[in-house]
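Per-entry structural report
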Amino acid sequence: MEPAQDHLFRFYFEEANVRGVIVQLRHTWQQIAHRDDYPEHVRRWLAQVATASALFAGDIKFEGSVSVHLKTGSGLRLVFAECSSEGRMRGVARWHADAVIPASPADLTDASGVLALTVMRETGEPKWQGLVPLEGNSLAESFEAYFSRSEQLPTSIHLAFDGQSCAGLLLQEVPGEGGIARERDAAMYEYARAVAATVTERELLDLTPEEVLHRLFHEETVRLNEAQGVRFECRCSRDRAEHILRSIGEDEARAALDELGMVTVTCEFCNGTYAFDAIDVSRMFIGSASPISNARN
Ligand SMILES: [Zn+2]
């Protein structure tokens, strides 16, 4: 059975300051991973990074987006994914074709792996960034250690991937009142964390979010908010492609023009292609917009 759709669910425990997010991605994932040349381990890293970005986007309370950016000194050069508070996702990975791709953080012997977690406002300005060392046995463990240690937010993360779909579960104890209430929150979180540790990848991928919560927490009162749709959507545009060409410089743009009669910029995220001819390139480097090329957009 496959999840009915691509979605994100927020839930919370009625009796304590413990909340969570469940994410299930199928079509969105398949569009993110549209490139068929991603090696198996690269796809797995990308699936985990994409799922994590959606879990964290489910955790923010304002209009904006969350990106997860993984860099290592190994054959896995970069894995990036972002998800907006409205559920728009995209992602990409880069790797060295002739190098070994690590299967888990434990394979990175030189401690070169680092994750950047960035929360942006809708306007594009960064609101918050955390640097998360890649450690432990998995990406999920790296984030758990980071949130619990650096942010004092006890957090439990489970990620699942079967090649076709990915899914994730996040549980977090959120700051509440002090005293007895704090003890109650901590005890409930500890209980929920231990129970959530029994969830299997297949359950996260195959069961509905309602079924996952019932299977894990049927003894507690857990409220599930309405589903939020998640979809693949790229933010590339002809303007952004033009900006990239400007940054590359006129000489390179002209060289490509001479050779091909056209300069094209292909978006890594969605494979969208933007083509510019000699008139476009002249206009770009004079800096004044020409009505001829505008009319063709
Ligand atoms: Zn694009």
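Quick word on the overall build of the protein chain
Within the protein chain, the regular secondary structure consists of ten helices and 14 strands. Scored against the burial criterion, the 297 residues of the protein chain give a buried share of 48%. Of the contacts made within the protein chain by residues no fewer than 6 positions apart, 62% connect residues no fewer than 24 positions apart. Carbon and sulfur atoms form 50% of the exposed surface of the protein chain, whose accessible area is close to 14,500 Å². Distance between charge centroids for the protein chain: 4 Å, based on 29 positive and 45 negative side chains.

Concerning helix α7 (residues 238–248)
Along α7, the residues that are buried comprise Arg238, Ala241, Glu242 and Leu245. Projected down its long axis, α7 carries its buried residues within an arc of 100°, all on one side. Set apart from the buried face of α7 by more than 90 degrees, the exposed residues are Asp239, His243 and Ser247. Looking at the buried positions of α7, the neighbouring elements they touch are β13 (263–266), β14 (273–276) and α9 (278–286).

Some words on the domain arrangement of the protein chain
Annotation of the protein chain at the domain level lists domain 1 (7–232) and domain 2 (238–295). Once you take the C-alpha centre of each, domain 1 and domain 2 turn out to be 37 Å apart. Listed per partner, the contact involves seven residues of domain 1 and four residues of domain 2. For the pair domain 1 and domain 2, the two sides together bury roughly 630 Å², of which 54% comes from carbon and sulfur. Considering only the side of domain 1, the residues that lose the most area to domain 2 are His34, Arg90 and Val92, jointly responsible for 58% of the buried surface there. Taken together, the links from domain 1 to domain 2 amount to one salt bridge. A salt bridge links Arg94 to Glu268, with the nearest nitrogen and oxygen atoms 2.6 Å apart. On inspection of domain 1 and its partner domain 2, the count reaches two residue pairs in polar contact (both at pLDDT 80 or more).

Observations regarding the coordination of the zinc ion
When four donors bind a metal tetrahedrally, each ideal donor-metal-donor angle is 109.5 degrees, and when six bind octahedrally, the ideal angles are 90 or 180 degrees. Taken together, Cys234 (SG), Cys236 (SG), Cys267 (SG) and Cys270 (SG) make up the full set of protein donors to the zinc ion, lying 2.2 to 2.3 Å away. Because the angles between the four donor atoms bound to the zinc ion fall within 102 to 118°, the donor set is best described as tetrahedral. Read N to C, the donor residues that coordinate the zinc ion are spaced as C-x1-C-x30-C-x2-C. Taken together, the residues span a long stretch of sequence, with Cys234 in the loop between β12 (231–232) and α7 and Cys270 in the loop between β13 and β14 at a distance of 36 residues. With a relative accessible area of 17%, Cys234 lands in the buried category. The exposure class of Cys270 is partly exposed, given its relative accessible area of 27%.

Thoughts on helix α6 (residues 209–217)
Regarding α6, the residues found buried are Pro209, Val212, Leu213, Leu216 and Phe217. The buried residues of α6 all sit within an arc of 95° when viewed along its axis, so they share a single face. Looking at the buried side of α6, the elements it contacts are β1 (7–13), β2 (18–25), β9 (166–173), α4 (179–196), α5 (201–206) and β10 (222–224).

So, the side chain of Ser156
Tracing the chain through its elements places Ser156 in strand β8 (residues 155–161). Apart from the residues lying within four places of it in its own chain, the contact partners of Ser156 are Glu144, Leu169, Leu170, Leu171, Tyr189 and Arg193.

Overview of the packing of aromatic side chains
One pass over the structure, following the stated rule, counts nine aromatic pairs. With centroids separated by 4.9 Å and ring planes inclined at 70°, the aromatic side chains of Phe56 and Phe143 adopt a geometry described as edge-to-face. With a gap of 87 residues between them, Phe56 in helix α2 (residues 40–57) and Phe143 in helix α3 (residues 139–150) connect regions that are remote in the sequence. Take Phe56: its relative accessible area is 5%, and that puts it in the buried class. Judged by its relative accessible area of 1%, Phe143 is buried. Taken together, the ring pairs in this structure connect Phe56, Phe143, Tyr146 and Phe147 into an aromatic cluster. Over the face of the ring belonging to Phe62 we find Arg121, whose NZ or CZ atom lies 5.7 Å from the ring centre. In this structure, Lys127 is placed above the aromatic ring of Phe62, and the distance from its NZ or CZ to the ring centre is 5.0 Å.

About the thresholds
Each chain has its residues counted from 1, following the order in which its sequence is written. Only residues with pLDDT of 70 or above have their local features reported here, since the model is predicted, and side-chain atom pairs are shown and tallied only from 80 upward, although totals for entire chains, interfaces and linings are computed over all residues. In computing side-chain properties, one takes all heavy atoms of the structure into account and sets aside hydrogens as well as water. A run of H or I in DSSP becomes a helix once it reaches four residues, and a run of E becomes a strand once it reaches two; helices and strands are each numbered from the N terminus. Burial classes: relative accessible area under 20% of the type maximum marks a residue as buried, over 50% as exposed, and values in between as partly exposed (1.4 Å probe, protein chains only). Whether two residues touch is decided by their heavy atoms; if any such pair falls within 4.5 Å, the residues are in contact. For every accessible area listed, the method is Shrake-Rupley and the probe measures 1.4 Å; residues are considered covered only by the protein chains on display. The sign given to each residue is positive for Lys and Arg and negative for Asp and Glu; His and the chain ends receive no count. Here the site of a charge means atom NZ of a Lys, CZ of an Arg, CG of an Asp or CD of a Glu. Taking the helix axis as origin, the arc is that swept by the directions to the C-beta atoms. Residue ranges labeled as domains rest on an automatic or database domain assignment. For any pair of parts, buried area is found by adding up, for both, the accessible area (1.4 Å probe) each one loses once the two are put together. Salt bridges are defined by distance alone: a side-chain nitrogen of Lys or Arg within 4 Å of a carboxyl oxygen of Asp or Glu. Two N or O atoms count as a polar contact when they lie within 3.5 Å, although within protein this holds only if one can serve as hydrogen donor and the other as acceptor, and sequence-adjacent residues are included solely when both atoms are side-chain atoms. Each metal's donors comprise the N, O and S atoms found within 2.8 Å of it (within 3.2 Å for Na, K or Ca). Water is not part of the atom list, so some coordination spheres may appear incomplete. Donor angles set the geometry label: tetrahedral for four donors if every angle is between 85 and 135 degrees, square planar for four and octahedral for six if opposite donors exceed 155 degrees and the others are between 65 and 115, irregular for anything else. Only the six-membered ring of Trp is used, alongside the rings of Phe and Tyr, when aromatic pairs are assigned; centres must lie within 6.5 Å, and planes under 30 degrees apart are stacked while those over 60 apart are edge-to-face, with the rest tilted. Charge-over-ring placement is defined geometrically: NZ (Lys) or CZ (Arg) within 6 Å of the ring centre, and within 35 degrees of the ring normal.

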